[in-house]
Amino acid sequence: SVRNLAAALVQGPPAIRRLSYVVLSRVEPTQADRAAWGSLNVRFVPWVEDFAGTLSHALAVVLPDETGSGIKSRAVAALSVGAPVVGTRFALEGIPIAHESSALVSRDARGCVRQLERLVDDGDLRARLSSEGRHVAVSFADPDTILERWVSAYEQVYRYSTSGVR
């Protein structure tokens, strides 16, 4: 969750604590949410006119979620604009990313902070994740590719249902 990420960031190394953070969420943060960020430079933003542009200008998009819905769409959106992505296994589950190549995968929010620290210090890693992540997202979310997967799944179900095997 964002609150877990905030707690991990507050305890993170100085390079992480000096960054500016933008939390994009339609849900108004509670006082406890705001307090969790401590003295970090954070803005809570409920809406941006140019979502893709906002993501593409980020040093990284961090997806610390361990539950919830809509996270895969946010991950694919970030990858598709070339934003380096750091996320939990849950956040990136089902997307054919490769750890260290197209995204950085962590077990939890603390792991996301460790991976974010690597990105701050390594421009080559940011560039590789940007390029490879974009490639993964475009091929994964391409409408023709999605249609092919649906047709293939439908054909398999149809063949099974008409095979007489029970």
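A brief structural summary. This structure is a prediction, so every number in the text was calculated from the model and none was measured.

1. Regarding the sheet that holds strand β5 (residues 104–106)
Logical step 1: The three strands are arranged β3-β4-β5 in an open sheet whose pairing can be described as parallel. Each of the sheet's edge strands pairs with one partner strand only, and the pair in question is β3 (61–63) and β5. Taken over all neighbouring pairs, the strand axes of this sheet differ in orientation by 15° on average, direction set aside.
Logical step 2: In terms of strand pairing, strand β4 (residues 85–88) meets β5 through three bridges, oriented parallel. The residue bridging glycine 87 from the neighbouring strand is valine 105, located in β5.
Logical step 3: Along the sheet, helix α7 (residues 109–121) contacts β3, β4 and β5; its crossing angle with β5, the most-contacted strand, is approximately 155°.

2. A short note on helix α9 (residues 143–162)
Logical step 1: Here α9 spans 28 Å end to end across 20 residues, near enough to the 28 Å set by a 1.5 Å rise per residue.
Logical step 2: Taken from the residues just after α9, glycine 164 is the one with a positive phi, measuring 80°.

3. Quick look at the packing of helix α5 (residues 71–80) against helix α8 (residues 123–141)
Logical step 1: Direction vectors running N to C along α5 and α8 enclose 125°, while the axes themselves pass 7 Å from each other. Judged by the angle between their axes, α5 and α8 are oblique. In the crossing of α5 with α8, the sense of the turn from one axis to the other is left-handed. Taken together, the residues of α8 that come into contact with α5 (itself represented by Val76, Leu79 and Ser80) are Gly133, Arg134, Ala137, Phe140 and Ala141.
Logical step 2: Tallied by class, the residues present in the contact of α5 with α8 amount to five nonpolar, two polar and one charged.

The rules behind these values
Residues numbered from 1 in each chain as written. Predicted model: local features only at pLDDT ≥ 70, side-chain atom pairs only at ≥ 80, totals over all residues. Heavy atoms only, no water. Pairing = 2+ DSSP bridges. Helix = DSSP H or I, 4+ residues; strand = E, 2+ residues; numbered from the N terminus. Axes fitted to C-alpha atoms, helices over the stretch in contact; angles between N-to-C directions. Contact = heavy atoms within 4.5 Å. Expected span 1.5 Å × (residues − 1). Parallel < 35°, antiparallel > 145°, perpendicular 65-115°, else oblique. Left-handed = near helix turned anticlockwise from the far one by under 90°. Nonpolar A, V, L, I, M, F, W, Y, C, P; charged D, E, K, R; others polar.

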